Amino acid sequence: MQEKINKYIHDINSITISSIEEATIFHKKYLSKKGLLNQLFNEFKVLESAKKRELGPLLNNLKKIITEKSQTLKIDKNDNLSKQSKKIDITLPSSYEPVGSLHPLSQVKRKIISIFEKVGFIISDGPEIEDDWHNFSALNMPKNHPARDMQDTFFISVNPDMLLRTHTSSVQIRYMNQTEPPIRIISPGRVYRKEDISARANCFFHQIEGLYIDHDISFSDLKKMITYFLKSLFGEDVKTRFRPSFFPFTEPSAEVDIYWGLNSESDYRITKGTGWLEIMGCGMIDPNVLENVNINPKIYSGFAFGLGIERIAMLLYQIDDLRLFFENDIRFLKQFQGLS
Ligand code: DAH
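Residues numbered from 1 in each chain as written. Predicted model: local features only at pLDDT ≥ 70, side-chain atom pairs only at ≥ 80, totals over all residues. Heavy atoms only, no water.

Draft legend 1. Expanded view of the domain arrangement of the chain. Each assigned domain of the chain is listed with its residue range as follows: domain 1 (2-85) and domain 2 (104-336). Centre-to-centre, using C-alpha coordinates, domain 1 lies 76 Å away from domain 2. (Domains from an automatic or database assignment.)

Here it is as C-alpha cells:
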C-alpha cells in the first residue's frame, strides 16, 4: 500500500492540466466515488491498528496533495475562462432574443381608446363581479324583465344578488352615480355570458362602453360621434348605417352596421348574404336610467354605445374563429408583432 501511495504522489506531481476535459478526467480518476483515493481508504479500513498508525499520515498526505491539485485546477479553469471571455468579439451581431408583443385584443382596445381620447373621453373602470342593480335594474331591467333573457347570466351561487357582469353598461351607472354631468367616458373591460364556446361565441369577451351626457344632446350628436369613430378606425370611405333596434336602457335605440362587401364566399357567410355587418349598439339614454342615478332628464340628455372588441379585431385582421384570441398559441400571436 505504501508503494501505491508513493506512486500516486509521484504521478500527481508530474501531471499538468490545461483544459477542462483534463480536469474532469483527473477528478474522475482520483476523487470520484470509485476513484483511487476512495479505493485506498477502503483498503485502509481493514488494516491492523499498527499498520493504520504507520500508513495513516501517508494516506492523509496523499489526500491533501490530491485536494490541492484539484483546487489549483479550479483556479486554472477560471483563468482559462477569463482568458476566453477577453476574446469576445463585440463587433459580432448579438444573439437573437424573441421580442414579445401586445395581444391583438389589447392592440385593438388601445386603438379604440385613442380615437375617443382625441375628442375628450376619459376612461372609467368598474368591477367584473357586479350586483344586480348596476348590471340590470338601474339600466331599466327590473327583476323578471324579459330583456334580461337577452344576456344569459352567471350568478354567484353564495349570493344570488351578485353576478359576473354581462356588459360594460354597468359602469355607466357607477360613473353617473358619482359624477355630475357633463360626462364623457369610455369603459373597456371583460364581460361574461353563459354561452357555449364556438367560433362565434365565448363565455367571456371584451366590450367598450361609451357614455356622453350634457345639455341638449341629440341623436345627431350620437350619429356624428359614431361616424367619426368608424371613419377613424376603418378609413374615410367606410359605409355605415344606423338600424332601429331595442335596448331597455336607451330610447330610441339603434344598431350600427358597416358595409363589408360581398366579394368572397366568406363575405357571404359572415354577412348572411347582405354585405352588412353589425358593429355596435347605441341610443339616447332612457330618462328612467337618468332618474335612477339622480340626474334630471329635463336638464340633461345623452347617448351611450357599446361595442365588442373581439368583433372589431376579427374584422380588422380577417380572423374567422373567436377562440384563437383565448388559446394563446404563439404562432397566432406572433403575427401581430409590430402592428399597432
Ligand atoms: N350593453 C349592450 C350589450 O351588451 C350594448 C349596448 C347597446 C350598450 C346599446 C349601450 C347601448 O350603451 O346604448 O349588448
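Draft legend 2. Representation of the pairing of strand β4 (residues 159-164) within the structure. Here three bridges tie strand β2 (residues 129-131) to β4, and the two strands are oriented antiparallel to one another. In the strand pairing of β4, D131 is matched with M162. The pairing of strand β3 (residues 155-156) with β4 spans two bridges and is classified as antiparallel. Across the sheet, the residue bridging to I156 is N159, located in β4. In textbook terms, the turn of a hairpin is the stretch between consecutive antiparallel strands, and for β3 and β4 this stretch comprises two residues. (Pairing = 2+ DSSP bridges. Helix = DSSP H or I, 4+ residues; strand = E, 2+ residues; numbered from the N terminus.)

Draft legend 3. Spotlight on the site of the ligand. Around the ligand, 16 residues are found, and the nearest of them are H167, S169, R193, Q207 and E209. Contact between the ligand and Q172: an oxygen atom at 3.4 Å from a side-chain N or O atom of the residue. Surface burial for the ligand is 92%, taken as the share of its 350 Å² of free accessible area covered by protein chains. Sorting the residues of the shell around the ligand by element identifies α7 (169-178), β6 (204-214), β9 (276-285) and β10 (301-308) as the ones contributing at least two each. Looking at the shell around the ligand, its residues break down into five nonpolar, nine polar and two charged. (Near = heavy atom within 4 Å. Polar contact = N/O pair within 3.5 Å; in protein donor to acceptor, adjacent residues only side chain to side chain. Areas by Shrake-Rupley, 256 points an atom, 1.4 Å probe, with all protein chains shown as cover. Nonpolar A, V, L, I, M, F, W, Y, C, P; charged D, E, K, R; others polar.)

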